[in-house]
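Next come the chains, spelled out residue by residue.
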Amino acid sequence: MPKIVSARVIVTSPGRNFVTLKIECDDGTTGVGDATLNGRELAVASYLADHVVPCLIGRDAHRIEDIWQYLYKGAYWRRGPVTMTSIAAVDMALWDIKGKVAGLPVYQLLGGASREGCMVYGHANGTTIGDTVAAALDYQRQGYRAIRLQCGVPGMASTYGVSGDKYFYEPADADLPTENIWSTARYLRVVPELFAAAREALGWDVHLLHDVHHRLTPIEAARLGKDLEPYRPFWIEDATPAEDQEAFRLIRQHTTTPLAVGEIFSSVWDCKALIENRLIDYIRATVLHAGGITHMRQIASLADLHQVRTGCHGATDLSPVTMAAALHLGLAIPNFGIQEYMRHTPETDAVFPHAYRFADGMLHPGEAPGLGVDIDEALAANHPYARAYLPVNRLEDGTMWSW
Ligand SMILES: O=C(O)[C@@H](O)[C@@H](O)[C@H](O)[C@H](O)CO
Ligand SMILES: [Mg+2]
């Protein structure tokens, strides 16, 4: 059995900050796990290096479930994004090792392929509705079957999801949090206009999605859901702050627009009520912040019992290691829905060479043994960490709001 002899935490910043755990066994096999928590990276780096790594040395790398339980129950202070992201990094690395030792891609260890590939959604954004629709047409031309639409709000200097760059969106943007100003009234007027223009230009054979990004009250979210029904969105995401699980019941009572939530969830306990009461249609938790492949598979199984499908988070602050692990899981589970694919920059891809490939609107993890991704440590060393924060949001009167 492969015994763990070392585990290193690698912090690198090829355009944005990433934290990666690399585990090495006595037979030379290595495995990688993503440990990136956007805006709080060093908390996880320390949790791993100072508290988890000492407990890993000497353990049997094949005992993934036992190590998961040891780190989860052994922490005493269970759950939360720092703990579960740290456990996730160990878990991903151990699945990577197991696949390499078996000579199989991880999806084969999870039951084999349940589909030809994982449908992904691209990110069309623009300052105006016209710019956003033009970007969406470009994604459609590239073969994307699903496209997220985010546009500027007239009268607002900035909003979530709209960047100066057509293809790459990076929310962590400053050494201290940028302060944004928000107006729900202005926003609620522009999104239905955006979807009407998009349907007019793109037609009906493409899925259109939108991320509300935690900013509406339940009744405002119900309003948006109703207003978008004529345009058949694939989903609206994070319609209201996710921890208020009961709020989704109110939204459900008013609209048939599908609801997605969960990228900030870190365990099954955060979403159990939402899933069991069928208050959502897609669960957005993913392997990085929700405890790795081992725990995300549990969440997906619970979701499957209630006809909830996965729609895993896949923003640029989740490294290619997470994308690879999510695709192996997404290929294998019965209730895969869609995978977010906010493409990384070439600079990031160079540090994280990977086997997954885009074709025909889908990503496939590839056939390399393990996860099919690695970290180029020499290149990683060229990109020193630079503190960066996600923005904060205030209403026009200065009230602190969700970003
Ligand atoms: O759906 C999404 O991709 C967003 O919610 C993310 O861009 C999110 O803002 C970032 O991952 C936060 O770090
Ligand atoms: Mg989101």
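Residues numbered from 1 in each chain as written. Chains lettered and ligands numbered in written order. Predicted model: local features only at pLDDT ≥ 70, side-chain atom pairs only at ≥ 80, totals over all residues. Heavy atoms only, no water.

### Thoughts on the coordination of the magnesium ion (ligand 2)
Tetrahedral coordination by four donors puts the ideal angle at the metal at 109.5 degrees, and octahedral coordination by six puts it at 90 or 180 degrees.
So, step 1. Within the protein, the magnesium ion (ligand 2) binds to Asp211 (OD), Glu237 (OE) and Glu263 (OE); these donor distances fall in the range 1.9 to 2.3 Å.
So, step 2. Each donor residue of the magnesium ion (ligand 2) lies on the same chain, and together they follow the pattern D-x25-E-x25-E. On the criterion of sequence distance, the pair formed by Glu237 in strand S8 (residues 235-237) and Glu263 in the loop between strand S9 (259-261) and helix H9 (268-276) is long-range, its members being 26 residues apart.
So, step 3. With a relative accessible area of 0%, Glu237 lands in the buried category.
So, step 4. The class for Glu263 is buried, based on a relative accessible area of 12%. (Donors = N, O, S within 2.8 Å, 3.2 Å for Na, K, Ca; no water. Helix = DSSP H or I, 4+ residues; strand = E, 2+ residues; numbered from the N terminus. Buried < 20%, exposed > 50% of the residue type's maximum accessible area, 1.4 Å probe, protein only.)

### Observations concerning the UniProt feature "domain: Mandelate racemase/muconate lactonizing enzyme C-terminal" (unreviewed entry) in the chain
So, step 1. Here, the residues flagged by UniProt with the feature "domain: Mandelate racemase/muconate lactonizing enzyme C-terminal" (unreviewed entry) are residues 129-258.
So, step 2. Secondary structure content for residues 129-258 is 39% helix and 14% strand, while the C-alpha to C-alpha distance between its ends is 22 Å. (UniProt positions renumbered as here; feature names shortened; annotations may be inferred.)

### Observations regarding the nonpolar core
Proteins that are soluble and globular tend to have nonpolar side chains buried together.
So, step 1. Ranked by internal contacts, the top residues of the largest apolar core, which has 130 residues, are Ile23, Val90 and Ile147.
So, step 2. Sorting elements by how many residues they give to this core places helix H3 (residues 81-102) first, with 10 residues.
So, step 3. Those residues in contact with Val90 that lie beyond four places of it in its chain are Leu21, Ile23, Leu48, Val52, Leu56, Ile67 and Leu71. (Core = buried A, V, L, I, M, F, W, Y, C linked by side-chain atoms within 4.5 Å. Contact = heavy atoms within 4.5 Å.)

### What about the environment of Ile375?
So, step 1. Positionally, Ile375 belongs in the loop between strand S14 (362-364) and helix H13 (377-380).
So, step 2. In this structure Ile375 comes out as buried when scored by relative accessible area, which is 4%.
So, step 3. Between the C-alpha atoms of Ile375 and Leu56, which are 319 residues apart in sequence, the distance is 20 Å.
So, step 4. Sequence-distant contacts of Ile375, defined by excluding residues within four places in its chain, comprise Ile10, Thr12, Thr20, Lys22, Val32, Val351, Phe352 and Ala380.

### A few points about the sheet that holds strand S16 (residues 400-401)
So, step 1. Pairing is mixed across the open sheet formed by three strands, whose spatial order is S6-S15-S16. Each of the sheet's edge strands pairs with one partner strand only, and the pair in question is strand S6 (179-182) and S16.
So, step 2. For S6 and strand S15 (residues 392-395), the ladder comprises four bridges, and the chain directions are parallel. Residue Trp182 lies in a different strand from S15, and its bridge partner there is Leu395. (Pairing = 2+ DSSP bridges.)

### A look at the site of ligand 1
So, step 1. Lining the immediate surroundings of ligand 1 are 15 residues, of which Asn38, Tyr160, His213, Glu263 and Glu340 lie closest.
So, step 2. Separating an oxygen atom of ligand 1 from a side-chain N or O atom of Asp211 is a distance of 2.9 Å.
So, step 3. Across the complex, the protein chains shield 95% of the 340 Å² of accessible surface that ligand 1 would expose by itself.
So, step 4. Class assignment of the residues belonging to the shell around ligand 1 gives a composition of five nonpolar, three polar and seven charged. (Near = heavy atom within 4 Å. Polar contact = N/O pair within 3.5 Å; in protein donor to acceptor, adjacent residues only side chain to side chain. Areas by Shrake-Rupley, 256 points an atom, 1.4 Å probe, with all protein chains shown as cover. Nonpolar A, V, L, I, M, F, W, Y, C, P; charged D, E, K, R; others polar.)

### Things to note about the sheet that holds strand S3 (residues 30-34)
So, step 1. One open sheet holds the three strands; their spatial order is S1-S2-S3, and the pairing between them is antiparallel. Each of the sheet's edge strands pairs with one partner strand only, and the pair in question is strand S1 (4-12) and S3. Within the sheet, the average angular offset between the axes of one strand and its neighbour, ignoring direction, is 20°.
So, step 2. Where S1 meets strand S2 (residues 18-25), eight bridges bridge the pair, whose relative direction is antiparallel. Within S2, the residue paired with Val11 across the bridge is Val19. (Axes fitted to C-alpha atoms, helices over the stretch in contact; angles between N-to-C directions.)

### Comments concerning the pairing of strand S7 (residues 207-211)
So, step 1. Summarising burial for S7: four of the five residues are buried, a large majority.
So, step 2. As paired elements, strand S5 (residues 146-151) and S7 share three bridges and run parallel to each other. Pairing of Ala146 across the sheet is with His207, part of S7.
So, step 3. For S7 and S8, the ladder comprises three bridges, and the chain directions are parallel.

### Let's talk about the packing of helix H7 (residues 218-228) against helix H8 (residues 247-254)
So, step 1. Where H7 meets H8, the closest approach of the two axes is 8 Å, and the angle between their N-to-C directions is 30°. As the angle between them shows, H7 and H8 are arranged roughly parallel. As H7 runs across H8, the sense of the crossing is right-handed. Here Pro218, Ile219, Ala221, Ala222 and Lys226 of H7 lie close against H8, whose contacting residues are Ala247, Leu250, Ile251 and His254.
So, step 2. Grouping the amino acids of the contact of H7 with H8 by side-chain chemistry returns seven nonpolar, one polar and one charged. (Parallel < 35°, antiparallel > 145°, perpendicular 65-115°, else oblique. Left-handed = near helix turned anticlockwise from the far one by under 90°.)

### Quick notes on the environment of Ala368
So, step 1. Topologically, Ala368 is positioned in the loop between S14 and H13.
So, step 2. Taking relative accessible area as the criterion, Ala368 reaches 29% and is therefore assigned partly exposed.
So, step 3. Here the alpha-carbon distance between Ala368 and Lys100, two residues 268 residues apart in the chain, equals 8.3 Å.
So, step 4. Once residues lying within four places of it in the same chain are set aside, the contact partners of Ala368 are Leu104, Pro105 and Ala355.

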